[in-house]
There are 2 protein chains.
Amino acid sequence: MLSAPAGPVDVAVVGAGPIGLAVAWRCAARGMRVVVHDPAPGSGASAVAAGMLSPVAEAYFGERELTGLLVESAARWPAFAAELTEASGTDLGYRTEGTLVVGLTGDDLAEAGRLWAYQQELGLPVTPLRPTELRGREPALAPGVRGGALAATDHQVDPRLLVPALRTAARRAGAVLVPAAVRRLSDVDATVTVVAAGCGTAPLTGLPVRPVKGQILRLRAPGGVAPGFRHVIRGYADGESVYLVPRADGEVVLGATVEERTDTTVTAGAVLRLLRAGVDLLPELAEYDLVEAVAGLRPGTPDNAPILGPLPDRPDVLAATGHHRHGIVLTPVTADLIADLVTTGVPDPLLAPFGAERFASTGSGHHRAEEETWT
Amino acid sequence: MLSAPAGPVDVAVVGAGPIGLAVAWRCAARGMRVVVHDPAPGSGASAVAAGMLSPVAEAYFGERELTGLLVESAARWPAFAAELTEASGTDLGYRTEGTLVVGLTGDDLAEAGRLWAYQQELGLPVTPLRPTELRGREPALAPGVRGGALAATDHQVDPRLLVPALRTAARRAGAVLVPAAVRRLSDVDATVTVVAAGCGTAPLTGLPVRPVKGQILRLRAPGGVAPGFRHVIRGYADGESVYLVPRADGEVVLGATVEERTDTTVTAGAVLRLLRAGVDLLPELAEYDLVEAVAGLRPGTPDNAPILGPLPDRPDVLAATGHHRHGIVLTPVTADLIADLVTTGVPDPLLAPFGAERFASTGSGHHRAEEETWT
């Protein structure tokens, strides 16, 4: 596990986050010789991620192609979770209670309602609930919450269980993990190289992947019991957008900011906004222990969609990066499509909108990325 | 430093917090043989304390005798700080910019105003300020802050510098620190025993000292600069009472809850209330890093005043404990009066209101303590 095999391998994966590990698992399971390079496996965005699998609630205006990929990947999650649980022998915290999207004030509800209408227009399963139905599902919601909708197929998984499970599955399938950094692609000796390096992608490839800071809290229900709610709650609270992810062990993930910053400091203002919105939506959270406040960096791209496929000038180097806020939900489809591409050399039509070449037409990737930040 | 000298010593001090160390320093400096027992020196309330020296702003209704002792001790602080800085060779973070007491809303200001009137009635130096004077002193205060007053003689010190300085001074004066717990007073072989064990006092002595939980935050100004305000700020913000203590190195202490609880968990609700009040008073705090959220236990007594003097049935055992929210400000006077008592056997008249016997008249100390909690 600790040193690279001698001579070239079939597939070198740069990055041992969920994307890199899942690609490695899929490729190794097909009999390829696979090496994964990462000096600090699982220490990137996934260590901070909440693990929502929310293609419906995250279907935003103007991101129709991304939404299609999210829906496709979420549909693969049940089988992926079952297979990975089997292959790793470990639990993933995969839960299917679904997601409630709620609005605290009338304005919040109106904002949420616009999005539900759009999501229904796309044929996505979001169902507005009558107040009694909403409260029947989650009695712990604040009495003042004005309304909500159910996205029954938006599930969740625990990234802090997922990554170790993927590591075990990849290892059992024969992949080798090398705990060292790749500084230049020319240092890699492989038939195909997959760059799944998240925020580390830009210096390796020139692709416009930039860090997008997120601050997130972890709370814990007092007394070692499960939280007093079962659904993932996504809420608009006085204009603040937050989510609450309950885990069986009592943990609640409360997140997250989206900031165009590259530091990982936790700020008083962000913690205040998250806690205020969380407690406004679910008052019992005030009694929960605050056990972690942390910031991570998501790998963002100019159009918020991932970059999946060969570098324009390097057909032997495949990008699988830029998953931004969607790395966990997009893990199954990314792994499947990239492993297929490695195996067959033929890109699945699903990959078409996500090629690296879409950022190559105007100027350098980096320049374009900076411009798009402000659009 | 690490083992007790053979045979009985003149003074055994139980507890190496600021009170115990200051008593040890004063006694050792007078030539007595002194041993201090503590398995975890400085790990009690002082590790969490903010270090305000605020007899004026903390002069509350119905605590006239405590206020007198606070004023007396604060008056000794400048000389104590100078002497300790000299004796230890280290900085204490002692600052004399004074304290601003402010009210966010009209109701907050009315509440604060009642207290200022009482404090002025006692002859204490609290000076209401015109809004322009207030803003002239601290331009960073929120524009909405309705008013405030200056307590110019309410200073501050950094407890995380104070305790190591006291340890150095005590050691240099000849005191010996034994890093082990005292389970029973009968285990101590000394002419006089001083119990300065904070929350650990009750099981040793039966005195009604109970833990009073406090949650506190430490923030840090971004960019390694000093905070954008110089005074200690004590604020009433929508009914929430908080303080903000700026340090030269950029730290800001934001506290504190007062809870009748014995756990040391940090709760979401407490952090929310502290941050909301802090940011409402000083909006720039939103941009500060949140570097620590922690809870500690203060040694409280039924009347909120310390217990200073011999146990009723053990004239050779002196209590120096129960300092509740006032341990740092009361350190100089406690050390002086207890060292005098050890030396002369005659109690200073200042000690009269604070004897242990005041809790002995009705039932057991413990029982009385529980009753008083609810008055």
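All figures in this text were calculated on a predicted structure; none of them were measured in a lab. (Residues numbered from 1 in each chain as written. Chains lettered and ligands numbered in written order. Predicted model: local features only at pLDDT ≥ 70, side-chain atom pairs only at ≥ 80, totals over all residues. Heavy atoms only, no water.)

Caption draft 1: Geometry of the overall build of chain A. Secondary structure assignment for chain A yields 9 helices and 16 strands. Along the first, second and third principal axes, the C-alpha set of chain A runs to 65 × 45 × 40 Å. Residues counted as buried form 57% of the 375 residues belonging to chain A. Within chain A, contacts between residues separated by at least 24 positions form 78% of all contacts whose residues are at least 6 apart in sequence. (Helix = DSSP H or I, 4+ residues; strand = E, 2+ residues; numbered from the N terminus. Buried < 20%, exposed > 50% of the residue type's maximum accessible area, 1.4 Å probe, protein only. Contact = heavy atoms within 4.5 Å.)

Caption draft 2: Representation of the pairing of strand β12 (residues 240–246) of chain B within the structure. Residue and element names in this part refer to chain B. With 5 of 7 residues buried, β12 is to be regarded as a mostly interior element. Strand direction decides the pairing type here: strand β11 (residues 232–237) and β12, joined by 5 bridges, are antiparallel. Opposite Ile233, over in β12, you have Leu244 as the bridge partner. Connecting β11 to the antiparallel partner β12 that follows it, the hairpin turn spans 2 residues, and Asp238 within it adopts a positive phi of roughly 50 degrees. Bridge count between β12 and strand β13 (residues 251–255): 4 bridges; the pairing is antiparallel. Its bridge partner lying in β13, Tyr243 is registered against Gly255. (Pairing = 2+ DSSP bridges.)

Caption draft 3: Broad picture of the sheet that holds strand β4 (residues 99–103) of chain A. Residues and elements named next belong to chain A. In spatial order, the strands read β5-β6-β4-β11-β12-β13-β10-β14; together these 8 strands make up an open sheet with mixed pairing. Where the open sheet ends on each side, the last strands, each with one partner, are β5 (127–129) and β14 (289–300). Going across the sheet, the axis of each strand differs from the next one's by a mean of 25 degrees, ignoring polarity. (Axes fitted to C-alpha atoms, helices over the stretch in contact; angles between N-to-C directions.)

Caption draft 4: Region of interest: the relation of the copies chain A and chain B. The transform that puts chain A on chain B rotates by 180 degrees and translates by 0.0 Å along the axis, for an RMSD of 0.0 Å. The superposition operator between the copies reduces to a two-fold rotation axis. Rotation axis and chain A: the residue whose C-alpha lies nearest the axis is A:Leu272, separated from it by 2.9 Å. In this assembly the copies share their binding face: 100% of the residues contributing to the interface of chain A also contribute to that of chain B. (Least-squares fit on C-alpha atoms with pLDDT ≥ 70 in both.)

Caption draft 5: Just the pattern of salt bridges, in detail. Residues and elements named next belong to chain A. Per the counting criterion, the structure on display carries 46 salt bridges over all chains. Two residues, Arg160 and Glu292, come together in a salt bridge whose shortest N-O distance is 2.7 Å. Here the residue Arg160 occupies a position in helix α5 (residues 159–172), and Glu292 occupies one in strand β14, the gap between them amounting to 132 residues. For Arg160, a relative accessible area of 34% gives the class partly exposed. Linking Arg358 and Asp303 is a salt bridge whose minimum nitrogen-to-oxygen distance equals 2.7 Å. (Salt bridge = Lys/Arg side-chain N within 4 Å of Asp/Glu carboxyl O.)

Caption draft 6: Main features of helix α5 (residues 159–172) of chain B. All names here are of chain B. Here α5 spans 20 Å end to end across 14 residues, near enough to the 20 Å set by a 1.5 Å rise per residue. Listed in full, the buried residues belonging to α5 are Pro159, Leu162, Val163, Ala165, Leu166, Thr168, Ala169 and Ala170. If you follow the buried residues of α5, they end up packed against α1 (18–29), α2 (64–88) and α8 (331–344). Of the residues trailing α5, Gly174 is marked for its positive phi of about 115 degrees. (Expected span 1.5 Å × (residues − 1).)

Caption draft 7: Inspection of the nonpolar core at higher detail. Ranked by size, the top nonpolar core spans 68 residues in total, and within it A:Leu219, A:Leu285, B:Leu219 and B:Leu285 carry the most contacts. Not counting residues up to four positions away in its chain, the partners in contact with B:Leu219 are A:Ala268, B:Gly250, B:Glu251, B:Val252, B:Leu254, B:Leu285, B:Tyr288, B:Asp289, B:Leu290 and B:Val291. (Core = buried A, V, L, I, M, F, W, Y, C linked by side-chain atoms within 4.5 Å.)

Caption draft 8: Local environment of the sheet that holds strand β2 (residues 34–37) of chain B. Residues and elements named next belong to chain B. One open sheet accounts for 6 strands, arranged β8-β2-β1-β9-β16-β15; its pairing is mixed. Edge positions in the sheet fall to β8 (176–178) and β15 (307–311), since each of these pairs with one other strand and no more. On average, adjacent strands in this sheet sit at an angle of 20 degrees to one another, irrespective of strand direction. Here β15 pairs with strand β16 (residues 314–321) via 5 bridges, running antiparallel. Within β16, the residue paired with Ile307 across the bridge is Thr321.

Caption draft 9: Focus on the side chain of A:Thr331. All names here are of chain A. Among the secondary structure elements, Thr331 is positioned in helix α8 (residues 331–344). Among the residues examined, Thr331 registers a relative accessible area of 0% and is labelled buried. One polar contact links the side chain of Thr331 to the main-chain carbonyl oxygen of Gly327, over a distance of 2.7 Å. (Polar contact = N/O pair within 3.5 Å; in protein donor to acceptor, adjacent residues only side chain to side chain.)

Caption draft 10: Here's a closer look at the interface of chain A and chain B. Every contact between the two is made by 17 residues of chain A and, on the other side, 17 residues of chain B. Here chain A and chain B share an interface that buries about 1300 Å² over both sides, 69% of which is from carbon and sulfur atoms. If you sort the residues of chain A by the area they bury against chain B, A:Ala268, A:Leu272 and A:Leu290 come out on top, with a joint share of 35%. Our enumeration of links across chain A and chain B arrives at 6 residue pairs in polar contact (both at pLDDT 80 or more). Sort the elements by how many residues they give to the side of chain A that touches chain B and helix α7 (residues 268–281) of chain A lands first, with 7 residues. (Buried area = accessible area lost by both parts, 1.4 Å probe.)

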